[in-house]
Amino acid sequence: MAGELNAAPVLSTPEDHLFEYAVVSTDDTTKAKTDDELSDIYEISRTAKEIGEGGWRRIGLQFPDHMLCDAPRVVQLLEKELASLPQAPPPTTASTSEPQSTPTTACSESSITKNGQCGQEKGTGCGCGKQVSPPAADAHPKARRVYVLADTSYSACCVDEIAAEHVNADVVVHYGRSCLSPTSRLPVIYVFTKHTLDRHAALAEFEKEYPDKEAKVVLMADVTYQIHVQPLLSELQSRGYANLLATEIVHNPMGRIPNRKVVDAQGKEVEINEGSEKSTGLELRDYSIFHISQPPTALLLALNSRVKNLYIFQTASDSSSMYSAQRLLGRRYARLLSLTTAGIFGILVNTLSVSNYLSSIDSIRKQIAAAGKKSYTMVVGKLNPAKLANFAEIDGWVVVGCWESSLIEDDAGFYKPVITPFELELALASDDERVWTGEWWGGIEAVKPPTDEKAEEKKSEDAEKNETQETADNVQATGDGDFDDSEEESAPPEFDWRTGKLVSHSRPMRMAASKSKSEKKEAGSSSDKPDAPPRTSALTLRSKAQELASVNGVVSPGAEFLRTQRTWVGLGTDFDEEASMTIEEGRGGVARGYSVGGEGEKQLMS
């Protein structure tokens, strides 16, 4: 031994290495709010009034994550306010002076007609003709139930109709910021909540940024600060600013300013030039925007090319990170350029509530198919890099969502680029047609509706006939009967803008289509020749290297990737190519010793 121990070993850390609990001092912003403050912030009275007027009994409350701490108290205040509403009077009964008929039970409720009799002429009931009492109205309606939708299925700005349907909600009360995209199934009550604003600091910042009293500025704020726009406008006009306009919230994501209309000091709407030659409205490019609070990145990119400049007044609740619109647009353009040679696109469904999401998915599929590329539609819930990394065969993703959630800001960790439908349209365009004007949009609201399939099929058939006729004329003019150059072979080569390498698989579906056309032409030409040998029905061995994988007769680039590039193809036997062998006798005996073969063979000791 190196030495004997003279003392017990130290099995604990020294006292100066102990963790100490640090008491964090709380300020006014972290103190609990009173009931009156919560009622004012979450607009409890207005919400209860609209619920009562709508007659809804099952109410779903959707909170963003940072507001969930107030959810229990908001529910208590809302239930208390709903209980104080006057109840609707019970339905009036017939006059007591008239004789009351005894309700019969000969017929079921489903057989009652409009006149209250059992109807035989419509094929319902037994046809006895007896007077049947209609089902009695419920004099005591069901009590209202309030549910908290704590975990949104997708982004917090969209109404979560999926979670609301889990509780059979009649209406959804959406709290906090919202994209105001039209919903498809349920009515919605929007409560943007009210935030306090240091108006003196905002006025001082405005005068510092725009010292010229004749400056053309539009006052705009995030939906949570909208109540401060008109007071600021009045105060600035009293200080000598003459060319000021304000904004009000409307439900129009496709407006020149999304979800806003421009009004003057009297609240009258000002018409904005939408870009057409006949429009005589206000030219928004001549105005600057003074925006209160940090806007969503999608709004920042959309407004960058529509206004003269945009100044953001940071509030206390905003994060310290600042974005440059020009740099963000440059990054988006780089993303879509990296997908110009992509062959397989994944369509990510990031909403199930926006009204036109189904037609948008159909349009995006047709756009991708028209470009000769393959698309796969996937619903994965909230997006993260780990989910999308499971699909290595996908070259790029396009998000189907509202105009805010379709933009993935922190996309550096994703394995493949994630773009918006607007950027997809640019990526699918040819190099000659692709022009970057600085215009940008994030959602599916701008996706063109799908065209008529029958009209497109007829148009394609006419084009194919014209192409066939032109080909026949060329063959007749040149006298060359071996004119077999396909469209894929005559197309110009495509190069990757990042690496400069030649790309031969950017349009896998067009390659498959041209191959099937050539096979049909060969079959047709052989059948037209009178001296052609009869077609054989014998099996012919084809090279697997020259054929594409297909699923149900349709070429599948995903299956081709699985067959050629995946190293692991799932569970299965490892002896598919085992050669046949002669049957041999195995080992025999007990555990202490086995004999191999017959008698006289060697013994194996365990």
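- In the annotation of an unreviewed UniProt entry, the chain is listed under the name 2-(3-amino-3-carboxypropyl)histidine synthase subunit 2 and assigned to Sordaria brevicollis.
- As stated in UniProt under Cofactor (unreviewed entry), the record for the chain gives "[4Fe-4S] cluster".
- The record in UniProt for the chain states the following under Sequence similarities (unreviewed entry): "Belongs to the DPH1/DPH2 family. DPH2 subfamily."

Side note on the pairing of strand S6 (residues 244-249)
Piece 1. Where strand S5 (residues 217-221) lies against S6, three bridges are found, and the strand directions are parallel. Looking at S6, one finds that Val217 is bridged to Leu244.
Piece 2. In the classification by handedness, the crossover that spans S5, the intervening helix H6 (residues 229-238) and the parallel S6 is right-handed.
Piece 3. Taken together, the four bridges between S6 and strand S7 (residues 260-263) define a ladder with antiparallel strand orientation. If you follow Ala246 over to S7, its bridge partner there is Val263.

As for the sheet that holds strand S3 (residues 171-175)
Piece 1. Here we have four strands laid out as an open sheet, ordered S2-S1-S3-S4, and parallel in their pairing. The sheet terminates laterally at strand S2 (145-149) and strand S4 (188-191), the two strands that pair on one side only. Geometrically, the sheet is characterised by an average inter-axis angle of 20° between neighbouring strands, direction not taken into account.
Piece 2. By the bridge criterion, five bridges tie strand S1 (residues 58-62) to S2 in an arrangement that is parallel. Bridged to Arg58 within S2 is Arg145.

Here's the deal with the pairing of strand S9 (residues 310-313)
Piece 1. Bridge count between strand S8 (residues 288-292) and S9: four bridges; the pairing is parallel. Residue pairing across strands places Ile289 opposite Leu310, the latter belonging to S9.

Focus: the confidence of the model for the chain
Piece 1. Chain-level statistics for the chain give a pLDDT mean of 75 and a share of 63% at 70 or above.
Piece 2. Low confidence marks residues 539-546, where pLDDT is under 50. Its contacts with residues over four positions away, or in another chain, come to three contacts.

Considering the sheet that holds strand S10 (residues 344-349)
Piece 1. Read across the sheet, four strands follow the order S11-S10-S12-S13 without closing on themselves; strand pairing throughout is parallel. Edge positions in the open sheet fall to strand S11 (374-378) and strand S13 (418-419), since each of these has one partner strand only.
Piece 2. Of the strands in this sheet, S10, S11 and strand S12 (396-400) touch helix H9 (residues 357-370), which is tilted by about 175° from S10.

Brief notes about the pattern of salt bridges
Piece 1. One pass over the full model with this rule turns up 14 salt bridges.
Piece 2. One salt bridge connects Asp222 with Arg177, and the closest N-O pair in it is separated by 2.8 Å. Here Arg177 lies in the loop between S3 and S4 and Asp222 lies in the loop between S5 and H6, a separation of 45 residues in the sequence.
Piece 3. Its relative accessible area of 4% is what places Asp222 among the buried residues.
Piece 4. Since its relative accessible area comes to 29%, Arg177 is described here as partly exposed.

Thoughts on H9
Piece 1. Compared with the 20 Å implied by 1.5 Å per residue over 14 residues, the 20 Å span of H9 between its first and last C-alpha is a close match.
Piece 2. What H9 keeps buried is the set Tyr357, Ser360, Ile361, Ser363, Ile364 and Ile368. The buried residues of H9 occupy an angular sector of 165° when the element is viewed end-on, so they sit on one face. In this structure, H9 carries Leu358, Ala369 and Ala370 as exposed residues pointing more than 90 degrees from its buried face.
Piece 3. Structurally, H9 contributes buried residues whose contacts are with S10, S11, S12 and helix H11 (421-428).

Points about H11
Piece 1. For H11, a buried count of six out of eight residues is recorded, marking the element as mostly surrounded by other parts of the structure.
Piece 2. Of the positions making up H11, those classed as buried are Pro421, Glu423, Leu424, Leu426, Ala427 and Leu428.
Piece 3. On its buried face, H11 sits against helix H8 (325-337), S10, H9, S12 and S13.

Observations regarding unusual backbone geometry
Piece 1. You will see that Glu43, though not glycine, has its phi angle at about 50°, which is positive.
Piece 2. Residue position: Glu43 is located in the loop between helix H1 (35-41) and helix H2 (44-54).
Piece 3. For Thr193, which is not glycine, the phi dihedral falls at a positive 70°.
Piece 4. Residue Thr193 is classed as buried on the basis of its relative accessible area, which comes to 3%.

Notes on the packing of aromatic side chains
Aromatic rings in a pair are described by how distant their centres are and how their planes are angled relative to each other.
Piece 1. Per the counting criterion, the structure on display carries 11 aromatic pairs.
Piece 2. An angle of 15° between the planes, with centres 4.6 Å apart, marks the rings of Phe63 and Tyr175 as stacked. Taken together, the positions of Phe63 in the loop between S1 and helix H3 (71-83) and Tyr175 in strand S3 put the pair 112 residues apart, joining distant regions of the chain.
Piece 3. Classification of Tyr175 as buried rests on a relative accessible area of 1%.
Piece 4. Residues Tyr190 and Phe192 carry aromatic rings whose centres are separated by 6.4 Å and whose planes lie at 25° to one another, so their mutual orientation is stacked.
Piece 5. Put simply, the rings of Phe206, Tyr210, Tyr241, Phe290, Tyr311 and Phe313 touch in pairs and so form one group of aromatic residues.
Piece 6. Looking at Lys374, its charged tip hangs above the ring of Tyr376, at a distance of 5.3 Å from the centre.

A few points about the environment of Glu269
Piece 1. Inspection of the secondary structure puts Glu269 in the loop between S7 and S8.
Piece 2. For the pair Glu269 and Leu245, spaced 24 residues apart in the sequence, the C-alpha separation amounts to 9.9 Å.
Piece 3. When neighbours within four sequence positions are excluded, Glu269 is seen to be in contact with Lys261, Val262 and Val263.

Quick notes on the rules
Residues numbered from 1 in each chain as written. Predicted model: local features only at pLDDT ≥ 70, side-chain atom pairs only at ≥ 80, totals over all residues. Heavy atoms only, no water. UniProt positions renumbered as here; feature names shortened; annotations may be inferred. Pairing = 2+ DSSP bridges. Helix = DSSP H or I, 4+ residues; strand = E, 2+ residues; numbered from the N terminus. Right-handed = clockwise from strand over helix to strand, strands pointing away. Axes fitted to C-alpha atoms, helices over the stretch in contact; angles between N-to-C directions. pLDDT = per-residue confidence, 0-100. Contact = heavy atoms within 4.5 Å. Salt bridge = Lys/Arg side-chain N within 4 Å of Asp/Glu carboxyl O. Buried < 20%, exposed > 50% of the residue type's maximum accessible area, 1.4 Å probe, protein only. Expected span 1.5 Å × (residues − 1). Arc of directions from axis to C-beta. Phe/Tyr/Trp six-rings, centres within 6.5 Å; stacked < 30°, edge-to-face > 60°. Lys NZ or Arg CZ within 6 Å of the ring centre and 35° of its normal.

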